[in-house]
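Descriptive analysis of the structure
Here are the chains, one letter per residue:
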Amino acid sequence: MSETLLKVSNIETFYGPIQAIRGVSIEVKQGSIVTVLGANGAGKTTILRTISGVLDAERGEVSFQGQDIGGLTPDRVMRQGICHSPEGREIFPFLSVAENLMMGSFTRSDKDEIARDLEMCYGYFPRLKERAAQRAGQLSGGEQQMLAISRALMGRPKLLLLDEPSLGLSPLLVTQIFEIVKRINRERGVAILLVEQNAHIALKTADYGYVLEVGRIVMEDSCAALMEKDDIKEFYLGQKDSGARGHRRWKKKKLWR
Amino acid sequence: MDDAARLLQLVVNGAASGCIYGLIAFGFVLIYKATEMVNFAQGDIMMLGAFVAYSFIHQFGLNYWVGFGLAILVTALFGFLLDAIVLRRVIGQPQFAVVMLTLGLAFIFRAGAGLAWTYDSVGFNTPFTNKTVNLGGLVLGQDNVSILVGTLVLCGVLYLFFSRTRLGVAMQAASQNQLAAYYMGIPVRRIFSLIWAISAGVAAVAAVLLAPVSMIDVNMGFLGIKAFAAAVLGGFGSIPGAVIGGVIVGVVEQLSGYFLPPGFQDVTSNIVLLAVLILRPEGLFGKTIRKRV
């Protein structure tokens with residue numbers, strides 16, 4: 001694939017005295033979808049927050065398009081072309097849906113292009129158009145997720161950070177949203193860094209994946225290869241092969257090979 | 001008929017001083033909504049605005065409207081710098097620190113104004129001083145009418161600003177969800193400083209509108225206490241509530257001055273404040289809608 005867009009090398013991030021990330025390196029190439037899998041508390045969100053500049057890494061580097069963005073404040077990082085659709089959606093509850101989307105394009109001044117992008121978002125998520133005048137706080141969880149993704153798209157990102165888009169949604173809605181995520185990637189050429197607990201859908205959507213456990217990357221490979229690994233099957237996809245007698249007699253350990 | 005006209009006049013006078021309380025309360029609420037800080041120096045920022053206007057209009061002899069505009073600009077700039085240099089540093093500290101800091105600033109402002117200008121009461125001439133208008137038999141002071149009209153115009157302008165302009169909506173967004181506003185590329189710190197600038201500018205407008213009715217002196221900032229009652233009455237999170245609360249406090253104050261024994265006028269705002277806290281702590285217009293998680 002083509003050149004590297006985002007390069008995270010060896011970052012270590014702390015919440016006060018607690019080390020959440022213990023030396024993580026990630027690369028996102030132009031136009032690709034990369035996923036970071038991991039259980040609760042593995043540090044997935046922390047990685048995205050470090051990239052966005054909400055948290056500063058104690059050690060290590062974050063570079064975007066060859067430029068160091070490690071010390072920038074979140075609004076400056078966004079102006080470089082990294083848009084973040086945060087965990088828990090974080091929409092503006094008392095603004096209308098249209099105003100929320102307008103805030104997504106806060107940094108832009110090209111009116112015609114903004115209008116075109118707005119139509120594009122409404123094209124991906126027709127529900128939002130129906131509810132454009134409604135207060136965002138009154139939307140359902142799924143609609144709020146659509147809004148959060150669209151709002152990030154309105155910033156016309158080169159790299160889109162998606163944090164748990166499946167959180168709290170019905171399986172059907174999850175499938176729909178991930179299909180659109182894939183379309184956004186293909187049609188707009190936006191690179192996506194996707195953080196997910198739902199390994200099934202994430203591996204199906206992404207090109208390349210990292211597995212994160214307690215602040216460390218324990219495995220990385222193309223998603224097709226990851227899906228074939230025993231440990232991934234066992235612990236992330238929940239497939240078990242039964243033993244000779246039809247049931248398993250011991251608990252498996254993770255080997256990460 | 002005579003009584004009715006008298007009553008109406010009292011109501012108009014009360015509404016006029018109530019508008020002043022409302023405008024200061026507006027500053028309280030705006031800053032509180034955005035940064036969760038209660039700025040107890042708001043009344044004293046108004047006092048500074050009054051002295052700045054006095055300088056421009058009386059001492060430099062500028063045209064009233066030019067002086068008005070300049071006073072707003074200078075006071076707004078002062079508010080901006082106050083946040084950027086001082087108050088930004090206490091964000092995230094306990095509420096108590098903020099209360100002490102703004103109370104301390106209020107003392108500094110009073111002493112500073114006394115040194116820079118004077119401890120005496122001063123005033124300046126406005127186009128509305130000592131003139132009356134006759135509305136179908138009802139004779140009203142132009143000063144009071146100018147306060148009412150000025151407040152209405154200002155509220156209209158601010159409403160349009162907050163609902164229609166990109167910057168205004170961004171201010172709402174930053175108040176509602178700071179982190180998400182950062183993710184949108186909104187420079188949240190600068191937006192907060194601008195909110196302080198608007199609050200200070202509105203206080204300056206209140207000061208200039210008040211000038212024909214009241215003298216300017218270093219202690220006029222204690223009006224802020226009544227404005228605080230107005231803000232609580234309005235629900236402390238609602239901007240229209242702040243202005244309406246101010247008008248209610250002002251009218252109640254005037255009426256009690258007329259109907260009740262002397263001395264009651266000065267305590268009515270505190271009685272209103274206590275009554276609201278006991279009977280309806282969320283205020284008249286408190287937001288009951290909560291964010292869905």
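What counts and how
- The residue numbering used here restarts from 1 in each chain and proceeds along that chain's sequence as written.
- Each chain takes a letter, starting from A, and each ligand takes a number, starting from 1, following the order in which they are written.
- Since the coordinates come from a predicted model, pLDDT governs what is reported: local features require at least 70, and pairs of side-chain atoms require 80 or more to be given and counted, while whole-chain, interface and lining totals use all residues.
- Only heavy atoms go into the side-chain values, all of them from the structure, while hydrogens and water stay out.
- Here a helix means four or more residues in a row that DSSP labels H or I, a strand means two or more in a row labelled E, and each is numbered from the N terminus.
- Our radius of gyration looks at C-alpha atoms and nothing else; its globule reference is 2.2 Å times the residue count to the power 0.38.
- We call two residues contacting when some pair of their heavy atoms lies within 4.5 Å.
- All accessibility values rest on the Shrake-Rupley procedure with a 1.4 Å probe; residue burial counts only the protein chains present in the view.
- His is not counted here, nor are the chain ends, while Lys and Arg score as positive and Asp and Glu score as negative.
- Each charge is placed at NZ for Lys, CZ for Arg, CG for Asp and CD for Glu.
- Here the term buried applies to any residue with accessible area under 20% of the maximum for its type, exposed to any over 50%, and partly exposed to those in between, with areas from a 1.4 Å probe on protein chains only.
- Two parts lose some accessible area (1.4 Å probe) when they are put together, and adding that loss for both gives the buried area.
- One side-chain nitrogen of Lys or Arg within 4 Å of one carboxyl oxygen of Asp or Glu is enough to make a salt bridge.
- In this count, Pro and Cys sit with the nonpolar residues alongside Ala, Val, Leu, Ile, Met, Phe, Trp and Tyr, while Asp, Glu, Lys and Arg are called charged and the others, Gly among them, polar.
- For a helix, the expected span equals 1.5 Å multiplied by the number of residues minus one.
- Domain ranges listed in this record stem from an automatic or a database domain assignment.
- Contacts described as polar in this section are N or O atom pairs within 3.5 Å, which, within protein, must combine one atom able to donate a hydrogen with one able to accept it, while residues neighboring in sequence count only if both atoms come from side chains.

1. Concerning the overall build of chain A
Regarding its fold elements, chain A presents 10 helices and 10 strands. Relative to a compact globule of 257 residues, whose C-alpha radius of gyration would be 18 Å, chain A shows 19 Å and is just as compact. For chain A, the spread of C-alpha atoms along the three principal axes comes to 65 × 40 × 35 Å. Partitioning the contacts of chain A with sequence separation of at least 6, the portion at a separation of at least 24 is 67%. Of the roughly 11,900 Å² of accessible surface on chain A, a fraction of 47% belongs to carbon and sulfur atoms. For chain A, the distance from the average position of its 36 positive side-chain charges to the average position of its 32 negative side-chain charges is 5 Å.

2. Quick word on the overall build of chain B
A tally of regular secondary structure across chain B gives 11 helices and 2 strands. Reading the helices (α) and strands (β) of chain B from amino to carboxyl end gives α-α-α-α-β-β-α-α-α-α-α-α-α. The C-alpha radius of gyration of chain B comes to 19 Å, within 12% of the 19 Å expected for a compact globule of 293 residues. Taking the principal axes of its C-alpha atoms as reference, chain B extends roughly 60 × 50 × 35 Å. Residues counted as buried form 52% of the 293 residues belonging to chain B. Taking the intrachain contacts of chain B between residues at least 6 apart in sequence as the baseline, contacts between residues at least 24 apart amount to 74%. Split by element, the accessible area of chain B, about 13,400 Å² in all, is 67% carbon and sulfur. One way to put it: in chain B the 16 positive side-chain charges average out to a point 19 Å from where the 11 negative ones average out.

3. Overview of the interface of chain A and chain B
At the interface, 30 residues of chain A touch 22 residues of chain B. Taken over both partners, the interface formed by chain A and chain B buries close to 2,400 Å², and the fraction arising from carbon and sulfur atoms is 65%. Its largest share of buried area at the contact with chain B, chain A owes to Phe92(A), Phe94(A) and Phe106(A), together 25% of the area lost on that side. Here chain A is connected to chain B by 0 salt bridges. Of all the elements in the fold, those that place two or more residues in the side of chain A that touches chain B are helix 1 (44–52), helix 2 (74–80), helix 3 (97–104) and helix 6 (141–153) of chain A. Per-class residue counts for the side of chain A that touches chain B are 13 nonpolar, 9 polar and 8 charged.

4. Observations regarding helix 9 (residues 223–234) of chain B
Residue and element names in this part refer to chain B. Over its 12 residues, helix 9 extends 17 Å from the first C-alpha to the last, a length consistent with the 16 Å expected when each residue adds 1.5 Å. Across the 12 residues of helix 9, 10 count as buried, placing the element largely inside the fold. All buried positions along helix 9 are accounted for by Leu223, Gly224, Lys226, Ala227, Ala229, Ala230, Ala231, Val232, Leu233 and Gly234.

5. Quick notes on the domain arrangement of chain A
All names here are of chain A. When cut into domains, chain A gives domain 1 (28–56 + 71–81 + 157–257) and domain 2 (92–156). With 17 residues of domain 1 in contact, the opposing surface of domain 2 contributes 16 residues. Between domain 1 and domain 2 we count 1 salt bridge in total. If you look at where domain 1 meets domain 2, you find 1 residue pair in polar contact (both at pLDDT 80 or more). Taken together, the elements giving at least two residues each to the side of domain 1 that touches domain 2 come down to helix 2, strand 7 (159–163) and helix 7 (171–188). Tallying contributions element by element places helix 7 first for the side of domain 1 that touches domain 2, with 8 residues.

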